[in-house]
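Residues per chain are reported as follows:
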Amino acid sequence: MTLRSLLRGWMERYFSDEEAVILLLVLILGFAVVIWLGQMLAPFLTALVIAFLLQGAVNGLTRRRVPHLLAVLLVFLGFLGILLAMALILLPLIWNQLVNLLQETPRMFASGQSLLDDLQARYPQLITPDQIQTWIGMAGREVTQLGQRALSLSLSSLGNVLSLIIYLVLVPILVFFMLKDRDRLVGFAVSLLPQRRELMTRIWHEMDDQIANFVRGKFIEIIIVGSVSFFTFMFFGLPYSALLAVLVGLSVLIPYIGAAVATLPVAAVAGFHFGISDQFVYVLIAYGVIQALDGNVLVPVLFSEAVNLHPVSIILAVLFFGGIWGFWGIFFAIPLATLLKALVYAWPRGIQQRREEVSAEAPLEAEGADE
């Protein structure tokens, strides 16, 4: 079998149907818009994600016979209340703790250097003074670069205050109208598609519940893991509890890798504050229990309806989509990987099913013509 025949067979399998070609063009256009116009459309995309999160609450109220407009207003006011609470309470607390952490960095370096000197005195065969100086120099360069990045970010953000205000005003307005006029907007989008869209409808129905389950479940997981971590760190008297809790909560966005990355700052702050003591061990044990409960209890409960993906597929999706779209690529890596999996399985099956339906209808039409 030649390469040309293989390519012809592959094209006939996937692109012999008109709807399949249109679906491919829609996917390419959607990815191109997000890649090249993603920064420009960031408020719209953010509002779309938030509206997707809030639509479940609106549906729940309407099922209890609450009028649609009233349900939208109640959910939207709740969203504004949460947004204001974060802006007035959580963000200033995190910012103050971050400033304090940067101010404490020199003392942490001195403590870390004394700890390394102590280890070198205890184990001179394993740790040499040259190794200690190399480690300290590497850590100093990393902290210096981090400080420069933070300073440049803060200076550049001063000129974008107006843009930030516009962003904060525009996103809630878009969210409100997306919730209020959802049926009209969806109807308009559907009207742009061809009349024959069985394949698109099948793939959308396969993905709709799974994406909704993932987005809402991931949001709930971030809130639960972050809140539990915050109260746990507060119980042990760990400094920078809010900052570390936010970091631990956001770490669940990156499966497998996020938990390992978040462990380093938690262990570092606990080590500098408590030293190598029983309290330090208790903090690490409590943090390990939180991660174990998240992975073995919370995730199966929240994502029971998600398509099962291999860990290698998840990591590749995180690396690929995160490299393209940054934060949102990491957030939607699993739904996008699930979408690709659904496309791979549903695309040829849908075309084959269409052919079988056409073949079954042909004899019936012939009999009707004879009569």
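Just so it is clear, the structure is predicted and the values come from calculations on it, not from any experiment.

Explain the nonpolar core residue by residue, including any values.
Nonpolar side chains tend toward joint burial in soluble globular proteins. One finds F233, L238, V248, V266 and V283 to be the most contacted residues of the largest nonpolar core, which totals 41 residues. Among the secondary structure elements, those contributing two or more residues to this core are α4 (68–103), α9 (198–235), α10 (241–251), α11 (257–274), α12 (278–302), α13 (311–325) and α15 (333–370). Looking at this core element by element, the count peaks at seven residues for α12. Excluding its chain neighbours within four sequence positions, the residues that come into contact with L238 are F233, L244, V269, A270, F274 and V283. By size, the runner-up hydrophobic cluster in this structure holds 15 residues, among which are A51, V75, V171 and L179.

I'd like a rundown of the confidence of the model for the chain, residues and numbers included.
Averaged over every residue, the pLDDT of the chain is 76; the share at 70 or more is 70%. Of all secondary-structure elements in the chain, the lowest mean pLDDT belongs to helix α6 (residues 129–158), at 60, while α10 reaches the highest, 89. For residues 155–159, every residue scores under 50 in pLDDT, and the model assigns this stretch zero contacts once sequence neighbours within four places are set aside.

Could you give an account of the pattern of salt bridges, with specific residues and numbers?
Tallied over the entire structure, the rule returns three salt bridges. Taking the shortest distance from any N to any O, the salt bridge between K180 and D181 comes out at 3.2 Å. Note on K180: relative accessible area 32%, which makes it partly exposed. In this structure D181 comes out as buried when scored by relative accessible area, which is 15%. A salt bridge links D183 to R182; the nearest nitrogen and oxygen atoms lie 3.5 Å apart. Assessed through its relative accessible area of 63%, D183 is described here as exposed. With a relative accessible area of 35%, R182 lands in the partly exposed category.

How would you sum up the UniProt feature "transmembrane region" (unreviewed entry) in the chain? Please name residues and give values.
According to UniProt, the feature "transmembrane region" (unreviewed entry) maps to residues 20–38, 44–62, 69–95, 161–179, 219–238, 244–268, 280–302 and 314–347 in the numbering used here. Structurally, residues 44–62 comprises 100% helix and 0% strand, and the distance from its first C-alpha atom to its last is 25 Å. Counted over residues 280–302, helix gives 100% and strand 0%. Its end C-alpha atoms are 31 Å apart.

Please give an account of helix α3 (residues 42–63) that cites residues and values.
In this model, α3 (22 residues) spans 32 Å end to end at C-alpha, consistent with the 32 Å of a helix rising 1.5 Å per residue. Note on α3: the residue one or two positions beyond its end, R65, has a positive phi of about 65°.

Hey, could you go over the packing of aromatic side chains for me, with residue numbers and the actual values?
A ring pair, where both rings are aromatic, is described by two values, the distance of the centres and the angle of the planes. By the definition in use, this model includes six aromatic pairs. Taken together, a centroid distance of 6.2 Å and an interplanar angle of 45° make the contact between F76 and F79 tilted. Placement of both F76 and F79 in helix α4 is noted, with a separation of three residues, approximately one turn of the helix. The pair formed by F76 and F79 is uniform in burial state, with each residue classed as buried. Within the aromatic cluster, the residues linked to one another by ring pairs are F76, F79, F176 and F177.

Could you give me a rundown of α12, with the residues and numbers involved?
When the terminal C-alpha atoms of α12 are compared, their 34 Å separation across 25 residues agrees well with the 36 Å that a helix rising 1.5 Å per residue should span. Of all the bends in α12, the largest measures some 40° and sits at D294. Here α12 has its buried residues at F280, V283, A286, Y287, I290, Q291, D294, L298 and L302.

Describe a nonpolar patch on the surface, with residues and values.
On the surface, V281, Y282, I285, V289, L293, V297 and V301 cluster together to form a nonpolar patch covering roughly 630 Å² of accessible area. The partly exposed category is assigned to V281, whose relative accessible area is 39%.

A description of the packing of α3 against α4 should follow, citing residues and the corresponding values.
Axis separation between α3 and α4 bottoms out at 9 Å; the angle between their running directions is 130°. Viewed along their axes, α3 and α4 adopt a mutual orientation that is oblique. The handedness of the crossing between α3 and α4 comes out as right-handed. Counted together, I50, L54, A57, V58, L61 and T62 of α3 and H68, A71, V72, L74, V75 and F79 of α4 form the full contact between these two elements. Looking at side-chain class alone, the contact of α3 with α4 contains 10 nonpolar, two polar and no charged residues.

Summarise unusual backbone geometry; cite the residues concerned and give the values.
With a phi close to 65°, R65 is a non-glycine residue in the positive phi region. In this fold, R65 is placed in the loop between α3 and α4. Here the phi dihedral of Y240 falls at roughly 60°; this positive angle occurs in a residue that is not glycine. Within the element layout of this structure, Y240 appears in the loop between α9 and α10.

Provide a residue-level description of the side chain of S229, including the pertinent values.
Among the secondary structure elements, S229 is positioned in helix α9. Ignoring any residue separated from it by four or fewer positions in sequence, one finds S229 in contact with A245, V248 and I290.

Parameters and conventions
Residues numbered from 1 in each chain as written. Predicted model: local features only at pLDDT ≥ 70, side-chain atom pairs only at ≥ 80, totals over all residues. Heavy atoms only, no water. Core = buried A, V, L, I, M, F, W, Y, C linked by side-chain atoms within 4.5 Å. Buried < 20%, exposed > 50% of the residue type's maximum accessible area, 1.4 Å probe, protein only. Helix = DSSP H or I, 4+ residues; strand = E, 2+ residues; numbered from the N terminus. Contact = heavy atoms within 4.5 Å. pLDDT = per-residue confidence, 0-100. Salt bridge = Lys/Arg side-chain N within 4 Å of Asp/Glu carboxyl O. UniProt positions renumbered as here; feature names shortened; annotations may be inferred. Expected span 1.5 Å × (residues − 1). Phe/Tyr/Trp six-rings, centres within 6.5 Å; stacked < 30°, edge-to-face > 60°. Bend = angle between axes of the 7 residues up to and from the residue. Patch = residues over 30% accessible without salt bridge, like charges linked within 9 Å, V, L, I, M, F, W, Y side chains within 5 Å. Areas by Shrake-Rupley, 256 points an atom, 1.4 Å probe, with all protein chains shown as cover. Axes fitted to C-alpha atoms, helices over the stretch in contact; angles between N-to-C directions. Parallel < 35°, antiparallel > 145°, perpendicular 65-115°, else oblique. Left-handed = near helix turned anticlockwise from the far one by under 90°. Nonpolar A, V, L, I, M, F, W, Y, C, P; charged D, E, K, R; others polar.

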